[in-house]
Amino acid sequence: MEFVHKPIMLTECLSALKIDPAGIYVDGTVGGAGHSKEIAKRLDYKKGGRLLCLDRDPDAVKTASERLKDFPQASVHHSNFSEIVCLLDSLNIDKIDGMLLDLGVSSFQLDCAERGFSFRNDAPLDMRMSKTGKSAKDVVNEYSEAELSKMIFTYSEERFARKIAAAIVRERQKKPIETTLELAEIIKGAMPAAAKREKNPCKRTFQAIRIEVNGELEHLKNALDDIFSKLNSGARLAIITFHSLEDRIVKQKYKEWCQGCTCPKDFPICVCGNTPKGKMTPNKAIEPNAEEQEQNPRSKCARLRVFEKL
Ligand SMILES: C[S@@+](CC[C@H](N)C(=O)[O-])C[C@H]1O[C@@H](n2cnc3c(N)ncnc32)[C@H](O)[C@@H]1O
Ligand SMILES: [Zn+2]
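All values reported here derive from a predicted model rather than from experimental measurement.

(A) Broad picture of the sheet that holds strand S7 (residues 303-309). Ordered in space as S3-S2-S1-S4-S5-S7-S6, the seven strands form an open sheet in which the pairing is mixed. The sheet is open, and its two borders are formed by strand S3 (74-78) and strand S6 (278-280), each paired with just one other strand. Each strand axis lies, on average, 15° off the axis of its neighbour in the sheet, ignoring direction. With three bridges joining them, strand S1 (residues 24-27) and strand S4 (residues 96-102) adopt parallel strand pairing.

And the structure:
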């Protein structure tokens, strides 16, 4: 299957990274190498310019390796970006000059029916980016009703989370839930008629299960301080998020890094000694322009936040 993925906010990401041709950069989510290829083009191998491209999905690693084969400055690694410290240590790299994270799933993963991410195609319930560990089938058939309900609500704000969880538990008592379309029918069956008529009524529940299966928020939370510790002075971290839960994690961490003194306001002098570690540039999230939103509807919910280390 051809791996088509339009890189989101490509121009904005390239300018956010302020690429030095002799610098060392990391793309923590290489996917189909859309961003990576353009970053690699701006690096000078002879001057020491390097791009490390990571993905936890072995299929993405294969595709990206093929697409980047003519760029000696780029190397592709099968790795989770939350293992960045380990990876850099193994490559004897102390600090990097910039890093990009383009979070979530790729269009390839969504469109590849057998990966089981999509409620549109029938396939075994899987959704594992890394193709290892617990699958969507395990979550749907083994979590308690309370766990399912909490997970669906927390990760998607689905109003009918409780009804959907109850329907899943009811159905799986008859037989295990095995495929994406079986699950989609159960979700729709649990919703009132008006909600069922909405565009993609299953989208939120599928998103919640995917976030759970891949531990997406945990990996992001665990990675940020490690990434920070590996940034050179002046290096930039650019992160594209696709929903408010991810965006909140990034926003709060950037705020923490940028904040100086954390002493209570009524203290006459600073006793914490905390100083700002960098700045957000710009101060708020960048959104795709109207043209990109029109050409690529998937970009609509994307937000890019950029941090520069002092
Ligand atoms: C939105 S796509 C990236 C697309 C890429 N920027 C491009 O232009 O082709 C996200 C990719 O990140 C990978 N991914 C998600 N979470 C990851 C993690 N914690 N560590 C490594 N890769 C991850 C997914 O497997 C997927 O291939
Ligand atoms: Zn203070």
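(B) The environment of Cys-53, seen in detail. Tracing the backbone through its elements, the reader meets Cys-53 in strand S2 (residues 50-55). Residues Cys-53 and Glu-292, spaced 239 residues apart in sequence, show a C-alpha to C-alpha distance of 25 Å.

(C) Highlighting the coordination of the zinc ion (ligand 2). Every protein donor of the zinc ion (ligand 2) is accounted for by Cys-261 (SG), Cys-263 (SG), Cys-270 (SG) and Cys-272 (SG), and the metal-donor separations fall at 2.3 to 2.5 Å. Coordination geometry of the zinc ion (ligand 2): the four donor atoms subtend angles of 102 to 118° at the metal centre, consistent with an arrangement described as tetrahedral.

(D) Structural view of the environment of Gly-260. Relative to the elements of secondary structure, Gly-260 occurs in the loop between helix H13 (244-258) and S6. Judged by its relative accessible area of 18%, Gly-260 falls in the buried class. C-alpha of Gly-260 to C-alpha of Asn-274: the two residues are 14 residues apart in sequence and 5.2 Å apart in space. The contacts of Gly-260, once residues within four sequence positions are left out, are Asn-274, Thr-275 and Pro-276.

(E) Expanded view of the nonpolar core. In terms of nonpolar packing, the biggest core is built from 65 residues, with Met-99, Leu-183 and Leu-237 touching the most fellow members. Residue assignment places this core across two domains, with domain 1 (10-108 + 217-309) and domain 2 (131-213) each supplying three or more. Once residues within four sequence positions are removed from consideration, Leu-183 is found in contact with Leu-125, Val-140, Ile-168, Ile-177, Phe-206 and Ile-209. Residues Cys-13, Val-30, Leu-68 and Ala-302 belong to the second largest nonpolar core, which totals 26 residues.

(F) Up close: the site of ligand 1. In the region of ligand 1, 25 residues are neighbours, and His-35, Asp-55, Asn-80, Asp-102 and Gln-109 sit closest. Here an oxygen atom of ligand 1 and a backbone polar atom of Gly-32 are 3.0 Å apart. Interatomic distance of 2.8 Å between a side-chain N/O atom of Gln-109 and an oxygen atom of ligand 1. Surface burial for ligand 1 is 98%, taken as the share of its 610 Å² of free accessible area covered by protein chains. Residue composition of the shell around ligand 1, by class: seven nonpolar, 13 polar and five charged.

Thresholds applied
- Residues numbered from 1 in each chain as written.
- Chains lettered and ligands numbered in written order.
- Predicted model: local features only at pLDDT ≥ 70, side-chain atom pairs only at ≥ 80, totals over all residues.
- Heavy atoms only, no water.
- Pairing = 2+ DSSP bridges.
- Helix = DSSP H or I, 4+ residues; strand = E, 2+ residues; numbered from the N terminus.
- Axes fitted to C-alpha atoms, helices over the stretch in contact; angles between N-to-C directions.
- Donors = N, O, S within 2.8 Å, 3.2 Å for Na, K, Ca; no water.
- Tetrahedral: all angles 85-135°; square planar, octahedral: opposite > 155°, others 65-115°.
- Buried < 20%, exposed > 50% of the residue type's maximum accessible area, 1.4 Å probe, protein only.
- Contact = heavy atoms within 4.5 Å.
- Core = buried A, V, L, I, M, F, W, Y, C linked by side-chain atoms within 4.5 Å.
- Domains from an automatic or database assignment.
- Near = heavy atom within 4 Å.
- Polar contact = N/O pair within 3.5 Å; in protein donor to acceptor, adjacent residues only side chain to side chain.
- Areas by Shrake-Rupley, 256 points an atom, 1.4 Å probe, with all protein chains shown as cover.
- Nonpolar A, V, L, I, M, F, W, Y, C, P; charged D, E, K, R; others polar.

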